[in-house]
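Commentary on secondary and tertiary structure
What follows is each chain in one-letter form.
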Amino acid sequence: MDLHHLKYFVVLSEELHFGRAAQRLHMAQPPLSQRIKDLEKELGVQLFHRRRTGVELSEAGALLLEHARGVLDHVAMAQESMRRIRPGASGILQVAVPPDTNPVALSTMVSSFASSAPDVLLNLHELTTVEQVERLRDGELDVAVVRHPLSSVGFESGALYSRALGVVLNASHPLASSDTVRLGDLAGSPLIIFPRHMAPTLYDSFLHTCRDAGYLPAAIVHARNQHFTHGLIMAGRGVHFNEEPWTPLPSGIVWRPLVGDPLAWRTSALWLKSRRSAETDAFVAAVGAGLEAGGHG
């Protein structure tokens, strides 16, 4: 049983209204409704009676609530115990970054934070935007480095840093010989892009920008690993948008800037106001230093 689903169940049991429960959990109502349905399906029982004005606990729901609160209390106690394992005076900071974070940016974040908070253990996680937001909301992360746009209701955000994206092409592509590429000139080329579930709002924003510029991909191919992406490009399976490479690309593919910089990584630190501390402030400052070092302006 997913502990996240159990937490959503307890909050809905206390609020008895999907809208209020979703607001308290800093999430939209449809995902909350779906996760409750998933829990009911997993357990094989109906936990709530749906009414026009809200919900009521079923007999099975009332029984589960007796156990769920105890489980979540014990988990919270265990988490707090783990957070008290202090390698220094200030403890541990749980942070996450996107899977494709520029290595120069990441290295600078770590070294900058170590200089400003030497007694704090920085526990780094590599997570997608959706995973970061969920873990921030559930208290498993202190700060996340996220890509915009995204739904950030209930969160605080640091300064936004932008890094223009270009297009990665097979060297035999007709546009590979150009110094720059207009987004609309890619019309008809298949697009290789990260799976939508990793960052739905960013994914949709990319496709809308492409469409508005006249680029309608002949096909969309999903890839999340850089080596897999490069292999697809080398095989002539499509084009890909990314920032200027920090190391030479494999033979057979090239990177070209896009005219007018229509696409960009827009990145910031994100955190819950209730978890703000001197340590989170130090890491937010380190994020800025890292993104600037990585070429984000």
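From a predicted model like this one, the values you see are computed outputs, not experimental measurements.

What counts and what doesn't
- Residues numbered from 1 in each chain as written.
- Predicted model: local features only at pLDDT ≥ 70, side-chain atom pairs only at ≥ 80, totals over all residues.
- Heavy atoms only, no water.
- Pairing = 2+ DSSP bridges.
- Helix = DSSP H or I, 4+ residues; strand = E, 2+ residues; numbered from the N terminus.
- Right-handed = clockwise from strand over helix to strand, strands pointing away.
- Salt bridge = Lys/Arg side-chain N within 4 Å of Asp/Glu carboxyl O.
- Buried < 20%, exposed > 50% of the residue type's maximum accessible area, 1.4 Å probe, protein only.
- Core = buried A, V, L, I, M, F, W, Y, C linked by side-chain atoms within 4.5 Å.
- Contact = heavy atoms within 4.5 Å.

Topic: the pairing of strand 4 (residues 120–126)
Where strand 3 (residues 91–97) lies against strand 4, 7 bridges are found, and the strand directions are parallel. Within strand 4, the position partnered with I92 by the bridge is L121. Since strand 3 and strand 4 lie parallel, the crossover through helix 5 (residues 103–116) that links them has a hand, and here it is right-handed.

Thoughts on the pattern of salt bridges
What the rule picks out here adds up to 14 salt bridges. Between D142 and R275 there is a salt bridge; the shortest N-O distance is 2.8 Å. Here D142, found in the loop between helix 6 (129–137) and strand 5 (143–148), pairs with R275, found in the loop between strand 13 (264–272) and helix 9 (278–293); they are 133 residues apart in sequence, far enough to count as distant. For D142, a relative accessible area of 2% corresponds to the buried category. On the basis of relative accessible area, R275 is assigned to the partly exposed category, the value being 22%. With a closest N to O distance of 2.8 Å, D281 and R276 form a salt bridge. Residue classification places D281 among the partly exposed positions, given a relative accessible area of 32%. Its relative accessible area of 47% is what places R276 among the partly exposed residues. Through salt bridges with shared partners, one network takes in E14, E15, R20, R24 and R69.

Observations concerning the nonpolar core
Formed by 24 residues in total, the largest nonpolar core has its most connected members in L169, L186, F194 and F241. Residue assignment for this core shows that the elements contributing at least two residues are strand 8 (166–170), strand 9 (191–193), helix 7 (200–212) and strand 11 (239–242). Not counting the four nearest positions on each side in its chain, F241 is found in contact with L165, G166, V167, L183, L186, L191, C210, Y215, L258 and L263.

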